[in-house]
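Structural description and commentary
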Amino acid sequence: MKRLGIIGVIMAALLVISVTPAMALTPSIENVTVDDGPITVGDPVHLLNLKLSDDEINLGESVTITGSWVSTGEDPCKTTRFLVVVKASDFVDFWAGDATYDDLLDNALLKVQVDCEGAELNKEFTPDVSGTYVVFPFVYNTTSGYSHNVTNGDPTHLGFKVNPPVAGKPEVSISVDKSSVAIGDWVKVEASMSTSTAVSEIKVFVTGNDRYIELCNASAGGYHTLSEACGDDTWWVPIKAGEYARNSSNAMIATAAPFWAVISEKVPASDLPEGVYVAKIDVNYKHNENRSEATAVFSVVEAEITQLNVPDTHVKGTDLVITGQATLAKSGTKNDNFTLKYTQNGAENVAWLNITTMDDVLKVGPIMAYIDEGGEFKFKIDSFGTKVPGDLELGYYKVKVWIDADGDGVAEDEIVDLMELKEGTITVSVDKPTVSRGDSFKIIVQTNFKINTPVNLTISEDDLGDLYANDTPDDLCVDMGGWYDSSEDECVFTQGVDATGKAEFKFDVAYNAELHDYRFKAKDTMGLGLTASVRVEVVKQILDVTVDKTTVIRGDSLVFSGTTSPDQIVCIYSDEEDYFYLGSEHVASEADLDDGVCPNTAQVMADKDGNLEFELDVDAEADPGTYYVYLVAPENITDGQVNYVDRAADAQKMFSIVVKDPWVKEIVVPGVLPYNGETDVSVVVEPGDRQKVKVGYVFEGLNVDYKDYDDAAYDLDANNTATFTLDLDKIADDEGLDEGLVPGLYVLTVKLFIYTGQEYEEVDSAETQKLIEVVQQTLDVTLEPETPVVGDTLKIKVTTNRQISGYDGIWVVFTGNNIEDVFQVVVNSEGVGEITIETAGYSPGTYKLYVRDTAKTPRDEIDTEYIKEVYYLDPTESLAREKTAHDDLLVIKTVELLETAPATTTTAVTTTTAVTTTTAVTTTTAVEETTTTAVTTTTPQQGGGVPGFEAVFAIAGLLAVAYLLRRK
């Protein structure tokens with residue numbers, strides 16, 4: 001026995017379901033299957049467990065539709081399956097054969113589309129109005145077309161009801177297609193009704209200004225739809241008396257009120273006045289508890305022309321266009337004017353045109369134009385005055401326009417205007433009356449002709465040959481898109497004018513065109529005999545070029561820019577053949593210029609607009625001096641190749657270029673530096689090309705000759721500035737000095753180096769020097785408050801002459817009462833540093849404050865343990881030298897920390913005296929004088945030395961510097 005897979009089993013089940021015997025019902029809303037399922041829909045739809053979340057909901061609620069489509073195993077490109085949610089009335093029309101599958105898709109409120117593959121269905125639908133709705137699946141196959149499943153002979157479907165907000169009360173609406181309607185026109189009225197229960201009576205009508213026309217009056221009861229009660233839901237209502245309203249099938253509405261009637265007199269109306277009218281639907285009007293009404297308002301206005309646009313003047317032979325605006329709606333389409341939907345006999349809502357002479361002799365007309373949806377109309381007569389209606393004389397004509405709203409031939413409104421018929425004009429001009437060889441120009445022909453009217457432009461055969469340096473101008477004419485008139489020996493170019501009546505013709509000028517003027521003639525093509533001519537003079541090439549600078553640093557570049565002829569080749573020469581580069585090649589030599597030679601490597605070309613820009617590099621090894629650069633625009637060029645250069649005849653420019661060495665503009669460095677101090681040095685350079693220049697320096701004095709330019713270490717930034725740090729401590733260390741540099745005068749020499757392609761070479765002329773004095777460090781210490789009490793924050797401020805931010809060679813030790821606290825001070829760019837000591841944990845008593853500038857020696861060995869060993873040492877003691885603390889600066893202060901604030905305040909007196917040692921290091925030691933009022937006194941200590949030694953030392957330093965400067 002053959003085994004079936006799960007798909008086969010499902011397919012078999014679907015096949016069984018799909019062949020249920022037919023017991024057909026009458027198509028009606030009452031017979032719609034209101035059921036939430038689930039059901040299984042077999043072949044060809046293949047939909048399992050189609051189910052609704054409910055078969056009855058209230059308006060505002062939603063229905064969820066679920067199910068599973070089974071794969072049909074067919075080509076997905078051939079089969080598409082649909083599921084739609086439609087109103088019950090639309091489904092009944094389909095059921096009864098009055099609507100198609102396409103109608104269902106067009107009217108679908110929800111549409112789901114899948115191919116023949118398996119897919120899950122889960123959709124939510126929220127109705128807008130109450131009533132009965134149908135969920136209906138069907139299929140489309142490219143071979144067999146549309147089809148659906150049947151149950152008991154009827155389309156397989158599920159339905160559900162939507163209850164209105166008020167039980168038993170229908171929902172109704174009504175609309176009109178225009179808010180303003182002209183007398184004699186039609187207005188379309190559309191109404192709708194949605195109900196879950198049958199209604200008793202329905203009336204639809206239009207009324208206003210004591211006039212009334214009835215569209216539907218049904219009172220037999222049991223109505224579920226408007227079409228069921230009235231036969232239709234769309235009506236065309238004439239805005240004119242004595243005319244029946246009609247439904248969408250062109251049937252007359254001949255009820256108790258066959259056409260407009262006067263309400264107060266109960267007689268047919270003879271007219272319809274302007275004013276406001278109302279279209280209304282009234283359902284259950286005899287049962288107030290379930291009554292529903294809706295209205296739509298529109299205005300009736302006179303049929304009139306509100307705007308007419310007739311040109312004051314019109315050019316003979318061009319298209320005449322007349323436009324206007326009316327209060328009538330559009331005509332001639334099935335969407336609007338009802339009468340024209342069913343008949344083309346006698347157009348309504350149209351405008352008419354007559355054109356006559358001033359004594360009313362008809363020349364044109366009558367011509368009809370439909371009025372569009374905005375009330376606009378348009379007449380267009382091609383080639384007016386020549387082809388239509390034939391040749392007209394120049395002068396004034398009457399233009400009469402009228403509108404007809406009902407096709408009876410009687411004008412509802414008309415306007416007469418005047419128009420002058422004028423002769424055409426043609427002028428010709430040129431954008432460049434004088435044009436250089438290699439350039440281009442435009443001939444502009446201006447007319448008052450209609451768009452796309454052709455005009456001719458001619459040039460003689462000889463002139464065309466001279467302009468393009470061509471020996472076969474007749475062939476050239478054809479190649480350029482013209483035609484050669486052998487009888488006139490001229491080339492003719494033809495072009496249609498644009499919307500402004502303008503045509504443009506572009507011509508190029510050869511580099512070796514003949515130097516004379518050229519004549520062009522413009523002609524009309526309508527046989528009006530209109531002509532105009534213009535002349536263009538061709539002159540030698542121009543060469544208007546400038547250079548960005550005439551003084552240049554060697555290694556830098558020169559930028560040349562300006563204008564010449566479009567696509568012009570320019571040759572470049574120099575009197576020094578090895579000093580100027582174009583790209584990677586040298587420019588040509590002056591000897592090449594004399595010989596008329598232009599190497600390809602020494603050429604540049606202007607763009608199509610004649611703009612020229614190029615760059616020349618100056619050799620970094622060029623000798624300073626003045627040189628000459630020559631630019632030549634040669635005339636003799638063939639196919640983009642320079643044949644020869646004529647120095648006497650060709651346009652040329654000469655530039656005098658001064659080449660200089662790079663140089664130092666400024667050295668920014670302090671004139672005074674403290675012992676073992678450091679500072680940033682900025683060197684501002686005029687480098688030319690900063691990528692090729694570097695900076696080095698030499699620092700020289702009594703005991704040092706320090707060089708820092710190995711590999712020319714310092715680059716220039718975007719501001720052409722090199723920055724380096726002058727660190728006296730590092731210099732002393734690199735020079736092998738046990739101590740720092742001896743105070744005195746030193747020379748900072750800045751050197752420049754330029755890259756020549758192989759290496760960096762020193763620029764001797766750029767060497768620049770600055771004098772710098774090295775002085776002893778200073779150290780000033782202040783305390784705040786001067787009379788501290790336990791719990792106060794003691795602020796210690798240190799002021800030095802080390803004005804470089806981040807110097808951290810100063811230490812503070814606070815001792816007393818078994819306390820030995822160490823602090824490190826970091827100064828800012830002004831040489832000031834601060835620390836604070838919280839005294840809350842200290843006991844009252846006398847303390848000492850040791851502030852020591854270590855000058856950061858010994859190098860890389862200073863830490864807290866080292867400071868604890870040397871903080872109290874007088875720099876003049878021998879032990880200080882053993883600890884490398886002999887070049888320190890020491891300040892000692894005594895602090896009396898009180899338990900409570902004193903009752904009176906005594907002014908603190910401080911005396912300080914500098915101590916000079918034989919190592920030229922000044923040491924200051926604070927000696928304590930303690931009183932009960934916590935007065936702090938500093939007593940000087942004098943070290944050994946020779947009086948006046950400092951002056952002798954300074955004089956010797958100045959003499960040494962003078963010698964160094966003289967040597968340079």
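Calculation notes
- Residues numbered from 1 in each chain as written.
- Predicted model: local features only at pLDDT ≥ 70, side-chain atom pairs only at ≥ 80, totals over all residues.
- Heavy atoms only, no water.
- Pairing = 2+ DSSP bridges.
- Helix = DSSP H or I, 4+ residues; strand = E, 2+ residues; numbered from the N terminus.
- Axes fitted to C-alpha atoms, helices over the stretch in contact; angles between N-to-C directions.
- Buried < 20%, exposed > 50% of the residue type's maximum accessible area, 1.4 Å probe, protein only.
- Lys, Arg positive; Asp, Glu negative; His and termini not counted.
- Salt bridge = Lys/Arg side-chain N within 4 Å of Asp/Glu carboxyl O.
- Contact = heavy atoms within 4.5 Å.
- Phe/Tyr/Trp six-rings, centres within 6.5 Å; stacked < 30°, edge-to-face > 60°.
- pLDDT = per-residue confidence, 0-100.
- Disulfide = S-S within 2.5 Å.
- Core = buried A, V, L, I, M, F, W, Y, C linked by side-chain atoms within 4.5 Å.
- Arc of directions from axis to C-beta.

Focus: the sheet that holds strand E32 (residues 426–430)
Pairing is antiparallel in the open sheet, where 3 strands are placed in the order E32-E34-E38. The outermost strands of the open sheet, each flanked by one partner alone, are E32 and strand E38 (502–508). Between one strand and the next, the sheet's axes are offset by a mean angle of 20°, whatever the strand orientation. Direction of pairing for E32 relative to strand E34 (residues 440–447): antiparallel, over a ladder of 5 bridges. Opposite Val-428, over in E34, you have Val-445 as the bridge partner.

Things to note about the side chain of Glu-461
Along the chain, the position of Glu-461 falls in helix H6 (residues 461–468). Although buried, Glu-461 forms no salt bridge, and the nearest oppositely charged side chain, Arg-519, lies 14 Å from it. Not counting residues within four places of it along the chain, the set of residues in contact with Glu-461 comprises Pro-473, Asp-474, Tyr-484, Asp-489 and Glu-490.

So, the packing of aromatic side chains
According to the stated counting rule, one finds 39 aromatic pairs in the structure shown. Judged by centre distance (6.3 Å) and plane angle (15°), the rings of Trp-352 and Trp-402 are stacked. Residue Trp-352 is found in strand E27 (residues 350–356), and its partner Trp-402 is found in strand E30 (residues 395–404); the two are separated by 50 residues along the sequence. The class for Trp-402 is buried, based on a relative accessible area of 13%. Ring geometry for Tyr-697 against Tyr-706: centres 6.3 Å apart, planes inclined by 45°, an arrangement best described as tilted. What makes Tyr-697 buried here is its relative accessible area of 2%. Among the aromatic residues, those joined into a ring-pair cluster are Phe-82, Phe-91, Phe-94, Trp-95, Tyr-101, Phe-136, Phe-138, Tyr-140 and Tyr-146.

A short note on the confidence of the model for the protein
Summary statistics for the protein give a mean pLDDT of 85 and a share of 88% for residues scoring 70 or more. Of all the helices and strands in the protein, strand E70 (residues 915–916) carries the lowest mean pLDDT, 36, while strand E22 (residues 275–283) carries the highest, 97. Within the model, pLDDT remains below 50 along residues 1–22, and this stretch shows 23 contacts once partners closer than five positions in the same chain are excluded. Below a pLDDT of 50 lies the segment residues 331–336, which in the model reaches 18 contacts outside its immediate sequence neighbourhood of four places, other chains included.

Observations regarding the state of the cysteines
Scanning the entire structure with this criterion turns up 3 disulfides. The disulfide that involves Cys-216 links it to Cys-230, with 1.9 Å between the sulfurs. In this structure, the disulfide formed by Cys-216 and Cys-230 twists by about -80° around the S-S bond and is classed as left-handed. You can see Cys-216 sitting in strand E17 (residues 211–218) and its partner Cys-230 sitting in helix H4 (residues 226–230), a full 14 residues away along the chain. Exposure class is identical for Cys-216 and Cys-230. Each is buried. Disulfide pairing places Cys-477 opposite Cys-491 at an S-S distance of 1.9 Å. Of note, the bridge from Cys-477 to Cys-491 carries an S-S torsion of about 85° and is right-handed in sense. With Cys-477 in helix H7 (residues 473–479) and Cys-491 in strand E37 (residues 490–496), this residue pair connects regions lying 14 residues apart in the sequence. Looking at Cys-477, the relative accessible area reads 0%, which means it is buried. Residue classification places Cys-491 among the buried residues on the basis of a relative accessible area of 1%.

What about H6?
By the burial criterion, the buried members of H6 are Glu-461, Asp-463, Leu-464, Gly-465 and Leu-467. Count one or two residues on from H6 and you reach Ala-469, which has phi positive near 50°.

Examining the nonpolar core
Residues Ile-174, Ile-202, Val-206, Trp-235, Ile-281 and Phe-298 are the most contacted members of the largest nonpolar core, which totals 37 residues. Those residues in contact with Trp-235, other than ones at most four positions away along the chain, are Val-187, Lys-188, Val-189, Ala-191, Val-204, Leu-215, Cys-216, Leu-226, Cys-230, Arg-246, Asn-247 and Ile-253.

Brief notes about the sheet that holds strand E45 (residues 580–582)
Note: strands within a sheet are paired through backbone hydrogen bonds, in either parallel or antiparallel orientation. Pairing is antiparallel in the open sheet, where 5 strands are placed in the order E41-E43-E49-E45-E46. Edge strands, defined here as strands with exactly one partner in the open sheet, are strand E41 (543–547) and strand E46 (585–586). Taken together, the 5 bridges between E41 and strand E43 (residues 557–564) define a ladder with antiparallel strand orientation. Counterpart to Val-545 in the pairing with E43 is Gly-562.

Some details on the pairing of strand E61 (residues 744–755)
Among the 12 residues of E61, 11 are classified as buried, and the element is accordingly described as predominantly covered. Alignment of strand E57 (residues 693–701) against E61, held across 8 bridges, turns out to be antiparallel. Bridged to Val-695 within E61 is Leu-752. Direction of pairing for E61 relative to strand E62 (residues 760–775): antiparallel, over a ladder of 11 bridges. Along E62, the bridge assignment pairs Thr-749 with Gln-769. Here E61 folds back onto E62 in antiparallel fashion, the turn holding 4 residues, of which Gly-757 has a positive phi close to 110°.

Overview of helix H2 (residues 88–95)
Those residues of H2 that sit buried are Ala-88, Phe-91, Val-92, Phe-94 and Trp-95. Looking straight down H2, one finds its buried side chains confined to an arc of 160°; they lie on one side. Count one or two residues on from H2 and you reach Gly-97, which has phi positive near 85°.

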